[in-house]
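Structural overview
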Amino acid sequence: MDARFVITLIMGILLLIWVIFCGIQFFRSCAEMTIRSGLTGHVKCEKCGTEYDVTAAEFTKSHMSRSRSMTRTQVDGAAFVNRRTYTYYAKKFFCPCCGRKRYAQVLNINELSSQMEKPGIRAGIRWLIFMIAGGVIIMAVMSIPMHFANRAAEQRAEEMRQEMYEEMKERYGL
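Note that the structure is predicted; figures quoted are calculated from it, not measured. (Residues numbered from 1 in each chain as written. Predicted model: local features only at pLDDT ≥ 70, side-chain atom pairs only at ≥ 80, totals over all residues. Heavy atoms only, no water.)

Further remarks concern the overall build of the chain. Of regular secondary structure, the chain possesses three helices and five strands. The C-alpha radius of gyration computed for the chain amounts to 29 Å, which surpasses the reference 16 Å derived for 174 residues by more than 25%, pointing to a less compact arrangement than a globule. C-alpha extents for the chain along the principal axes are approximately 100 × 45 × 25 Å. For the chain, the share of sequence-separated contacts (at least 6 apart) that also reach a separation of at least 24 residues comes to 59%. When the accessible area of the chain is evaluated, it comes to approximately 12,600 Å², of which 61% is carbon and sulfur surface. (Helix = DSSP H or I, 4+ residues; strand = E, 2+ residues; numbered from the N terminus. Rg over C-alpha atoms; globule rule 2.2 N^0.38 Å. Contact = heavy atoms within 4.5 Å. Areas by Shrake-Rupley, 256 points an atom, 1.4 Å probe, with all protein chains shown as cover.)

Taking strand neighbours across the sheet as the criterion, the five strands line up as E2-E1-E5-E4-E3 in an open arrangement whose pairing is antiparallel. Sheet topology places strand E2 (51–55) and strand E3 (65–76) at the edges, where each strand pairs with a single neighbour. Taking the axes of each pair of neighbouring strands and ignoring which way they run, one obtains an average angle of 40° across the sheet. Here strand E4 (residues 79–94) runs beside strand E5 (residues 101–106); their pairing, made up of five bridges, is antiparallel. Across the sheet, the residue bridging to Phe 94 is Lys 101, located in E5. Against the sheet, helix H3 (residues 109–172) contacts strand E1 (40–45), E4 and E5, and its axis sits at roughly 125° relative to E4. (Pairing = 2+ DSSP bridges. Axes fitted to C-alpha atoms, helices over the stretch in contact; angles between N-to-C directions.)

This part takes up the packing of helix H1 (residues 3–37) against H3. One way to put it is that H1 packs onto H3 with a least axis distance of 9 Å and a crossing angle of 165°. Classified by the interaxial angle, the pair formed by H1 and H3 is roughly antiparallel. At the point where H1 passes H3, the crossing takes the right-handed sense. (Parallel < 35°, antiparallel > 145°, perpendicular 65-115°, else oblique. Left-handed = near helix turned anticlockwise from the far one by under 90°.)

Before going further, it helps to spend a moment on a nonpolar patch on the surface. Taken together, the side chains of Phe 5, Val 6, Leu 9, Ile 10, Ile 13, Leu 14 and Ile 17 define a hydrophobic patch exposed on the protein surface, amounting to about 600 Å² of accessible area. With respect to the helices, strands and loops of the structure, Phe 5 is situated in helix H1. Residue Phe 5 is classed as partly exposed on the basis of its relative accessible area, which comes to 46%. (Patch = residues over 30% accessible without salt bridge, like charges linked within 9 Å, V, L, I, M, F, W, Y side chains within 5 Å. Salt bridge = Lys/Arg side-chain N within 4 Å of Asp/Glu carboxyl O. Buried < 20%, exposed > 50% of the residue type's maximum accessible area, 1.4 Å probe, protein only.)

Structure (structure tokens):
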């Protein structure tokens, strides 16, 4: 295998790992930001109809959700902005009346979503900058061994050219 291929493969794998790492960190920072926000969700149990409040920490614990939404394009200044509006959003929470985890409709989901939009965008931009900076560093570091591998390949090619030239001189008596 050619050294340049191996170096390129390693660089690609490192870049992929870095992108996945930054994506995971983005989602973790959004969850932590949601917990720190102190927002309270007002929910209604779909089984018994009990309405109760859940904390932001409880909101981020539950991963099971169901939703129906519409995306509307609005003009915001000079840009078109797509905003999602939920007509229905439910997650699994522990119902105090039923005593079990049940789906509960989040009644104030659009309000919660709009409050977390700007902090989420800021976190996304921050992790995008980290992703780009890390990618540039990985590519810069991997360019050093790539430079030496290219020089070695050029040297081998020049040696092969010289050998072929010497062979042709001997064969044809030049």
